[in-house]
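# Working through the structure, step by step
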Amino acid sequence: MSSRSLSSATAAMCALALFACQPEKQQLRPAPAQVAVFGDAARESDIQPGGRESQPQVTNPFHGEADAISQGQRLFSWYNCTGCHANGGGAIGPPLIKMEWIYGEEPSNLFDTIVKGRPNGMPAWGGRIPEYQIWQLVAYIRSLNGLEPQSATPKRQDHIEATTETRP
Amino acid sequence: MKARAGAPLLVSLLLTSGCAVSYQSGLDPAGTQAARITELWWFFIALLGSIFIIVMAMTVWPLFHRHRGINQEPLEQRHSPSAATERKLTRVVAAATGATILILLALIVLSVITGRATAGNQVTGNHLVVEVTGNQWWWAVRYMNDDPTRILVTANEIHVPVGRRILIRGMSQDVIHSFWIPNLQGKRDLIPSRITTEWFEADKPGRYRGQCAEFCGLQHAHMAMWVVAEPPAEFEAWMAHQLDRAPAPSDPVTQRGQEVFLGHACVLCHAIRGTPAAGQVGPDLTHLASRISIAAGTLPNTKGNLAGWIADPQTIKPGNHMATVPVDSEDMQPLLNYLESLK
């Protein structure tokens, strides 16, 4: 490789390093739609009378955002989720790190569980926690199971987390 | 301001004390410890200021005085000083070096003496223990007492009796913060999973502002607090009132306000003693209306500011951990009335 092409390659690398990698923008002020409490809950089943219909997929607005995942972790302890679920390992509540989910692992399932509560002890948080924070909690819980992109998930947690073997 | 500072220091005086405000100034001590620090500071500035002026004078002097070698062509002729001049120069430089070392040593000794006098263990038997916990970005305050029912939890405002030693037990919930009330004492870092201590004593009544002095994140600049030094009788009255539960709502509007508070996310983080609200994440609001400021010294505590803060905390203090909680417009006024009633 000639020295000219080497230097132009170096210059290109530097330009890439400077401009290509943008840090994730931290969204400090939730957009109005995200503040609304208890948005339209997802349908829990795709079986229905009259045959299947395509329905819009409910997605987590914070999917893959590292900042939202760490906010979710903070809220998980602040709102005393740890009181029943410990740090995800489960105590008087079921563990949140697992392969089998009682009520589904989709973001919409987790959202509904938090908003509406579940029988045998899960409180209904709808109307108490702003919707954007519920989505942050959902992102955090999913990150414990490797369901969030690896690039957004902390590499080393202080708490327990699923090992690669148990990850689906 | 001080006669010993002298005329040559006028400029530095104007620069440092001219723009300082007395409620947050290390140059206007209101306590024994701060007074020692201020004395040290004046001594430093007098001594080092004089040295600076001497050095500057010696630099400027040769510019206006012809040296006998100045007529030479610098690069063509060599000028070597005589042996006598050489010896004289050596002596002068050696003396100056010795003086510098002595002065630095003296300054270090003085600093250490002042540090020991202000920071050492000063148990008096009658001291008040106040636990201060740094949070992003506010201060949790707990007045300790041998009787657990008289332990007082409050936030962002410390009342102290004049003339009584205060022991601050500093802790942090998240990152390193630094507790600093310039009028009363030097800085003390608050470090996670460690307890640091600091003593101070206020000599005169007044309101003194403190500020976090260790960069702690986005809202470091909006992490302030007030220390109110008052005569012992007034302090005891304040303490007795603060230990009371929150007053019960007295009319239908504040009653509705309490329902709004308990029915929204507020209740997840804040505590109001006397109600089911027992959140431990944010500041205790039992006597919110009695405080000078809200959001850790960010805004004066007025109804309008409180409304703005509840409606949109992320615009007033971007990045802070108060959730944006949607409150219907017809619920806002009762909520504010209720919070204003928490005298």
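Residues numbered from 1 in each chain as written. Chains lettered and ligands numbered in written order. Predicted model: local features only at pLDDT ≥ 70, side-chain atom pairs only at ≥ 80, totals over all residues.

### Remarks on the overall build of chain B
Along chain B, the regular secondary structure elements total 9 helices and 12 strands. Among the 343 residues that make up chain B, the fraction classed as buried is 29%. Excluding contacts between residues fewer than 6 apart, the proportion of contacts in chain B whose partners are at least 24 apart in sequence is 66%. (Helix = DSSP H or I, 4+ residues; strand = E, 2+ residues; numbered from the N terminus. Buried ≥ 20, exposed ≤ 12 C-beta atoms within 10 Å, placed from the backbone. Contact = placed C-beta atoms within 7 Å.)

### Some points on the domain arrangement of chain B
Residue and element names in this part refer to chain B. For chain B, the assigned domains read domain 1 (20-60 + 90-230) and domain 2 (252-340). Computed over C-alpha atoms, the centres of domain 1 and domain 2 are 32 Å apart. Taken together, the 17 residues of domain 1 in the interface contact 14 residues of domain 2. At the level of secondary structure, the elements contributing two or more residues to the side of domain 1 that touches domain 2 comprise β2 (138-143), β3 (152-155) and β10 (224-230). Counted by class, the side of domain 1 that touches domain 2 contains 10 nonpolar, 5 polar and 2 charged residues. (Domains from an automatic or database assignment. Nonpolar A, V, L, I, M, F, W, Y, C, P; charged D, E, K, R; others polar.)

### Focus: the sheet that holds β10(B)
The strands that make up a sheet are held in pairs by hydrogen bonds between backbone atoms, and each pair lies either parallel or antiparallel. All names here are of chain B. What the 3 strands build is an open sheet, ordered β4-β10-β9; its pairing is mixed. Looking at the sheet topology across the chains shown, the edges are occupied by β4 (157-161) and β9 (206-211). Each neighbouring strand pair of the sheet contributes to a mean axis angle of 25 degrees, computed without reference to strand direction. In terms of strand pairing, β9 meets β10 through 6 bridges, oriented antiparallel. When the bridges of β10 are listed, R209 appears paired with W226. Along the sheet, helix α4 (residues 232-243) makes contact with β4 and β10, crossing β4 at roughly 135 degrees. (Pairing = 2+ DSSP bridges. Axes fitted to C-alpha atoms, helices over the stretch in contact; angles between N-to-C directions.)

### Overview of the environment of B:F200
Tracing the sequence through the fold places B:F200 in strand β8 (residues 196-200). Here the alpha-carbon distance between B:F200 and B:E259, two residues 59 residues apart in the chain, equals 42 Å.

### What to know about the interface of chain A and chain B
Contacts between chain A and chain B engage 12 residues on the former and 12 residues on the latter. Considered class by class, the residues forming the side of chain A that touches chain B number 9 nonpolar, 1 polar and 2 charged.

### What about the sheet that holds β3(B)?
Residue and element names in this part refer to chain B. Taken in spatial order, the 5 strands of this open sheet run β3-β2-β1-β5-β8, and their pairing is mixed. Of all strands in the sheet, those bounded by a partner on one side alone are β3 and β8. Ignoring which end each strand starts from, the neighbouring axes of this sheet average 25 degrees apart. Across 5 bridges, the pairing between strand β5 (residues 166-172) and β8 is antiparallel. Following the sheet pairing, G170 is matched in β8 by T196.

### What to know about the environment of A:T113
Residues and elements named next belong to chain A. Positionally, T113 belongs in helix α5 (residues 107-116). Remark: the alpha-carbon pair of T113 and W125, spanning 12 residues in sequence, is separated by 8.9 Å. Once you skip the residues sitting within four places of it in the chain, T113 turns out to touch Y103, R118 and M122.

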